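# Descriptive analysis of the structure
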Amino acid sequence: MTTLTNLPQERRLVTAIPGPKSLEALQRRSDATSGGLGMSIPVIIERASDAILLDIDGNQIIDLGSGIGVTTVGNAASRVVENVIEQVQKFTHTCFTVAPYMGYIEVCEKLNAMTPGTFKKKSLLVNSGAEAVENAVKIARHFTKRPAVVVFEHSYHGRTNLTMALTAKNMPYKEGFGPFAPEIYRVPMPYPFRWMGNPATITEDALEMVIHKIEKEIGAHNVAAILIEPIQGEGGFIVPPKGFLPGLSKFATENGIVFIADEVQTGFTRTGHMFAVEEEGVVPDIVVTAKGIAGGLPLAAVTGRAEIMDSSHVAGLGGTYGGNPIACAAALGAFETMEAENLVARARHIGEILGGSLRALAAKYPVIGEVRGRGAMQAIELVIPGSKEPNSDAMNKVIKYCQSKGVLLLNAGTYGNVIRFLPPVVISDELLKDALGVLEEAFAAL
Ligand SMILES: *Cc1c(COP(=O)(O)O)cnc(C)c1O
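## A few points about the environment of Glu 263
Within the element layout of this structure, Glu 263 appears in the loop between β8 (258-262) and β9 (286-289). Sequence spacing of Glu 263 and Thr 163 is 100 residues, and the spatial spacing of their C-alpha atoms is 15 Å. In this structure, Glu 263 is in contact with Pro 230, Phe 275, Ala 276, Val 277, Val 287, Val 288 and Thr 289, ignoring residues within four places of it in sequence.

Below you can see the structure in the form of structure tokens.
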């Protein structure tokens, strides 16, 4: 099948960013859309394919953000597009809980097989990461008959009422949007770059602090779930020290607590594993997924031990659009792409190029305090040289410089000083290296 979406995978600027057409359209954007919405790059997109975004002025921009880690298999990936076209011509909606269809069942079968753990698993499909996190918490509470949920400093789990409570950072996610849901308890996160204690014993010390808080301040028998991102996304790609996730998971198991991995940003080949928890052989009771699941169509999932996923009464779970047939067809196309193109290996390869380049930059520019991440999910934390003081001014300048040259980068971090790299995993070496060349220029220009 021929599609209109194939764009040459090269950066090309024909106007300033934003160009005149984008500028005009952005005026309509601000007139028509809620002022509460942010914007990473001030252009209007007309088409996109793989790692190139084409704006309405004809500029081709290298996408190192993937719409926040969503278009892992590439923008408008051919298998996704073909499946969507085929499905949309058959039917667009029945509601799975009204009249079921095979796409939903097949996506769940795949998720049950792909996620870690050899035990019997079942899945639930919903529309967004936040909705999936909410459902994981609902299910864990129903299963354990316990109220408390343990979450971490620097965590991000969404923008709905419950997930705002689960999210750590006040500004911009929570400020003025309360009151928040009760029975959420926040515990320390070992953030290696900013750890105040002895770096040699960070894992043991952090586990001791977390377990102490759970046992003394909450009571382990009151805890339904421990919810954690295996690598924290919006918090700034904070990678927990080796042994921390296995230690937490062991404590959860020993205390009848449901261990939930929020793999919304880390999942689906992104980190050089199908799921990030595989790095240390951690097997969660529930895995929450979204973002990379369906090549850009809105879909999210909760996958877990069958006895947990089955604990709800019939009709206790669901939603009108959850597991929409077009989104499911897209997901099946995305899974096929991940497997056929061995994107797990591809993410590791990207990690070598990206990590190598970023470490070389860090050696040259002391404004880069740390390079961290895994596979196609890496970040640099910017500081005032010679200190660990957050440098959001440098971050903004570097991102802006790259944008002006046609490279889209995203920010992150509790302190607003992290640049994250989330390229589509199908990005070519040449395109990635071109983008990294622009990044180097940006640091030279600082
Ligand atoms: C993006 C994100 C969410 C929320 O997903 P939405 O689809 O935006 O609701 C939850 N958890 C993590 C780790 C995320 O990165």
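## Overview of the nonpolar core
If you look at the biggest cluster of nonpolar residues, it comprises 123 residues, and the most contacted ones within it are Ile 226, Leu 439 and Phe 443. Per-domain counts for this core show at least three residues from each of domain 1 (20-63 + 342-445) and domain 2 (80-340). Apart from residues no more than four positions distant in its own chain, Phe 443 is found in contact with Leu 361, Tyr 365, Val 367, Ile 368, Ile 380, Leu 382 and Val 398. Residues Phe 237, Val 239, Leu 410 and Val 418 belong to the second largest nonpolar core, which totals nine residues.

## What about helix α12 (residues 392-404)?
Compared with an ideal rise of 1.5 Å per residue, which puts 13 residues at 18 Å, α12 spans 18 Å between its outermost C-alpha atoms and is within 8% of the ideal. Those residues of α12 that are buried are in contact with β12 (377-382), β13 (407-408), β14 (410-412), β15 (418-421) and α13 (429-445). Positive backbone phi, at 90°, marks Gly 406, one or two positions downstream of α12.

## What about the packing of aromatic side chains?
Scanning the model with the defined rule gives ten aromatic pairs in all. Centre to centre, the rings of Phe 268 and Phe 275 are 5.2 Å apart; their planes meet at 65°, and the pair counts as edge-to-face. Its relative accessible area of 0% is what places Phe 268 among the buried residues. With a relative accessible area of 0%, Phe 275 lands in the buried category. Seen in terms of ring centroids, Phe 268 and Phe 335 are 5.7 Å apart; in terms of plane orientation they differ by 20°. Their pairing is stacked. Here the residue Phe 268 occupies a position in the loop between β8 and β9, and Phe 335 occupies one in helix α10 (residues 325-340), the gap between them amounting to 67 residues. Residues Phe 268 and Phe 335 agree in their burial class; the two are buried. Stacked on the ring of Phe 119, the Lys or Arg Lys 121 has its end atom at 5.8 Å from the ring centre. We note Arg 305 situated over the ring of Phe 119; from NZ or CZ to the ring centre the distance is 3.8 Å.

## Topic: the site of the ligand
Contacts to the ligand come from Ser 128, Gly 129, Ala 130, Tyr 156, His 157, Gly 158, Glu 229, Asp 262, Val 264, Gln 265 and Lys 291. Contact distances for the ligand include 2.7 Å between an oxygen atom and a backbone N or O atom of Gly 129. Take Ala 130: an N or O atom from its main chain is 2.8 Å from an oxygen atom of the ligand. Protein coverage of the free-state accessible area of the ligand, which is 380 Å², stands at 82%. Classifying every residue of the shell around the ligand gives three nonpolar, five polar and three charged.

## Observations concerning the sheet that holds β12
Sheet strands pair via backbone hydrogen bonds, and the direction of the pair is either parallel or antiparallel. Pairing within the open sheet is antiparallel, and its four strands lie in the order β11-β12-β15-β14. Two strands in the sheet have a free side with no partner beyond their single neighbour: β11 (368-374) and β14. Ignoring which end each strand starts from, the neighbouring axes of this sheet average 30° apart. With six bridges joining them, β11 and β12 adopt antiparallel strand pairing. Note that in β12 the partner of Gly 373 across the bridge is Gln 378.

## Observations concerning helix α3 (residues 78-90)
The terminal C-alpha atoms of α3 lie 19 Å apart, and with 13 residues this matches the ideal 18 Å at 1.5 Å per residue to within 8%. Residues Val 80, Val 81, Val 84 and Gln 87 constitute the buried set of α3. Summarising the axial view, the buried residues of α3 lie within an arc of 140°, below the 170-degree limit, and thus occupy one face. For α3, exposure combined with an orientation more than 90 degrees from the buried face picks out Gln 89 and Lys 90. Residues of α3 that are buried make contact with α10.

Thresholds, definitions, all that
Throughout, a residue's number is its position along its own chain's written sequence, starting from 1. Selection of residues for local features in this predicted model requires a pLDDT of at least 70, selection of side-chain atom pairs for listing and counting requires 80 or more, and totals for whole chains, interfaces and linings are taken over all residues. Each side-chain value is derived from all of the structure's non-hydrogen atoms; neither hydrogens nor water enter the calculation. In DSSP terms, a helix is any run of H or I states spanning at least four residues, a strand is any run of E spanning at least two, and both are numbered starting from the N terminus. Here, two residues are considered to be in contact whenever any of their heavy atoms come within 4.5 Å of each other. In these notes, a set of buried Ala, Val, Leu, Ile, Met, Phe, Trp, Tyr and Cys residues joined through side-chain atoms within 4.5 Å is what counts as a nonpolar core. Exposure is judged per residue with a 1.4 Å probe applied to protein chains only, and the accessible area is read against the type maximum: over 50% gives exposed, under 20% gives buried, and values in between give partly exposed. An automatic or database domain assignment supplies the residue ranges for each domain. What a helix is expected to span follows from its residue count: subtract one and scale by 1.5 Å. Any pair of Phe, Tyr and Trp rings, taking the six-membered ring for Trp, is counted once the centres come within 6.5 Å. Such a pair is stacked with planes under 30 degrees apart, edge-to-face with planes over 60 apart, and tilted for the rest. In this scheme, the term charge over a ring applies when either NZ of a lysine or CZ of an arginine sits within 6 Å of the ring centre and within 35 degrees of the ring normal. Residue proximity to a molecule or strand is established when one non-hydrogen atom of the residue lies within 4 Å of it. For this analysis, a polar contact is any N or O atom pair within 3.5 Å, provided that within protein one partner can donate a hydrogen and the other can accept it, and provided that sequence-adjacent residues contribute only side-chain to side-chain pairs. Residue-level accessible areas treat just the shown protein chains as cover; the underlying method is Shrake-Rupley with a 1.4 Å probe. Here the term charged refers only to Asp, Glu, Lys and Arg, the term nonpolar to Ala, Val, Leu, Ile, Met, Phe, Trp, Tyr, Cys and Pro, and the term polar to all other amino acids, Gly among them. The rule for pairing is simple: two strands pair if DSSP sees at least two bridges between them. In this description, a line fitted to the C-alpha atoms serves as the axis of each element, helices being fitted only across the stretch in contact, and the angle between N-to-C directions of two axes falls anywhere from 0 to 180 degrees. By construction, the arc corresponds to the directions joining the helix axis to the C-beta atoms.

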